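Okay, here's what each chain looks like letter by letter:
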Amino acid sequence: MKIDRLVSIIMLLLEKNRIGAEELAKMFEVSPRTIYRDIESISMAGIPVRSVPGVGGGIEILPSYKVDKKVFSSDDLSALLMGLSSLSGMIRSDELAGAMAKVKSIIPAEKAKEIELKASQIIIDLKPWYGQGNITPYLETVKTALQESRLVAFTYFDGHGNKSERTVEPYRLVLKGMNWYFYGFCLGRTDWRLFRLSRMTNLELKDERFSPREYKPPVLDFEKMPSEIQAEITLRVHKSIIDRILDFCPQDKIVPDDDEYFIVRFPFVESDWSYDMLLSLGEKFECLEPRSVREKLREKIFKMAERMREG
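Calculation notes
- The numbering scheme is per chain: residues are counted from 1 as the chain's sequence reads.
- Totals for whole chains, interfaces and linings use all residues, but because this is a predicted model, local features are given only for residues with pLDDT of at least 70 and pairs of side-chain atoms are given and counted only at 80 or more.
- The side-chain numbers reported here are obtained from all heavy atoms of the structure, hydrogens and water having been left aside.
- Two strands pair under a simple rule: DSSP has to find at least two bridges between them.
- A run of DSSP states H or I qualifies as a helix once it reaches four residues; a run of E qualifies as a strand once it reaches two. Both are numbered from the N-terminal end.
- In this description, a line fitted to the C-alpha atoms serves as the axis of each element, helices being fitted only across the stretch in contact, and the angle between N-to-C directions of two axes falls anywhere from 0 to 180 degrees.
- Contact criterion: two residues are considered in contact whenever any of their non-hydrogen atoms come within 4.5 Å of each other.
- Only the six-membered ring of Trp is used, alongside the rings of Phe and Tyr, when aromatic pairs are assigned; centres must lie within 6.5 Å, and planes under 30 degrees apart are stacked while those over 60 apart are edge-to-face, with the rest tilted.
- A positively charged side chain is recorded as over a ring if its NZ (Lys) or CZ (Arg) lies within 6 Å of the ring centre. The angle to the ring normal must also be within 35 degrees.
- To estimate the expected span of a helix, subtract one from its residue number and multiply by 1.5 Å.
- When accessible area is computed with a 1.4 Å probe and restricted to protein chains, residues below 20% of their type maximum are described as buried, those above 50% as exposed, and intermediate ones as partly exposed.
- Directions are taken from the helix axis to each C-beta atom, and the arc is the one they span.

A. A look at the sheet that holds strand β6 (residues 191-196). Ordered by their spatial adjacency, five strands build an open sheet running β6-β5-β4-β3-β7, and the pairing between neighbours is antiparallel. In this open sheet, the two strands that pair with only one neighbour each are β6 and β7 (200-209). Geometrically, the sheet is characterised by an average inter-axis angle of 45 degrees between neighbouring strands, direction not taken into account. Strand direction decides the pairing type here: strand β5 (residues 179-186) and β6, joined by six bridges, are antiparallel. Of the residues in β6, the one forming a bridge with Y183 is L194. Relative to β7, helix α7 (residues 135-148) is tilted by about 20 degrees, and along the sheet it contacts β3 (150-157), β4 (163-176), β5 and β7.

Now the structure itself:
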């Protein structure tokens, strides 16, 4: 594939001072004319490549563009490789491939095994276990829209199952928890919104471009939400589901009640999602207070039971 050859050429040029077109052509089993076209593509991508004529001449990347190998420690290079690998698994791009090539090119040969071992000690795999097959292509589409300041249009299902058609100015891609979102200005709602990619269908990259407006950062932390919508409820949970509770709640808010149960001061926002999350714990939990949350849970459970009886 051409992209693989381009990345390999970049890696070679970063590693070597200079290399001839004929030598490159033999390495990749293509014609010198193809190599020169590849060099032109690399140059158009912003990497300063030049051809030096005469004896000892060849193709090289300008020395000022190269990074001194002594700048980075083994730990630095391992961290860079881990981060780039995690992103490249979800977002396919020439920029990431080029960045990976640059990092690998400055790894000293005598430290290659050490750095490879460190980089593989932590695996960050952002791909879902199953389903959500649209996520990777949608990430690519949104990334292009971000880079080119182009509008996107899509069908969206919100947390209540309501369907709507949206046209949005995208401003940021967000990985929060286990889900990808993008943050943008919705033209239909004339306000900023955070959209979950798994709830989108029919995503379309529009030709129309927009002038970026004054940016309003998204609220991504529970602690930063307005105090009037925050709450702390008290749960009694069985020890068998404490691992799930720890996904949402720090250990200092969990105390033993007896050998089998814990009392938990659980962070809570009044929403259907919060109630659904609690109900997913099944018979392994009980809401002790406040009474309003306890009663709403009872109401939802009764409605579920009625629907099951109707069947």
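Now, onward.
B. Expanded view of the packing of aromatic side chains. Enumeration over the complete set of coordinates arrives at 11 aromatic pairs. Arranged with centres 4.9 Å apart and planes meeting at 65 degrees, the rings of Y171 and W192 form a pair that is edge-to-face. Separated by 21 residues along the polypeptide, Y171 in strand β4 and W192 in strand β6 bring together distant segments of the chain. Between Y171 and F210 the ring centres are 5.6 Å apart and the planes differ by 50 degrees, which places this aromatic pair in the tilted class. Pair noted here: Y171 is in strand β4 and F210 is in the loop between β7 and β8 (230-238), with a separation of 39 residues, a long-range link. An aromatic cluster of at least three residues, connected via ring pairs, comprises Y171, Y183, F185, W192 and F210. A cation over a ring is seen here: R213 above F185, with NZ or CZ 3.7 Å from the ring centre. Of note, R236 hangs over the ring of Y261, and the distance from its end group to the ring centre comes to 4.0 Å.

C. Layout of helix α3 (residues 32-44). Given a rise of 1.5 Å per residue, 13 residues ought to cover 18 Å, and the 18 Å separating the end C-alpha atoms of α3 matches this to within 8%. Buried within α3 are the following residues: T34, I35, D38, I39 and I42. In an axial view of α3, the angular spread of the buried residues amounts to 145 degrees, which keeps them on one side of the axis. Residues of α3 that are exposed and point more than 90 degrees away from the buried face comprise R33 and M44. Positive phi appears at G46, one or two residues downstream of α3, with a value of about 105 degrees.

Worth remembering: the numbers are spatial, not functional.
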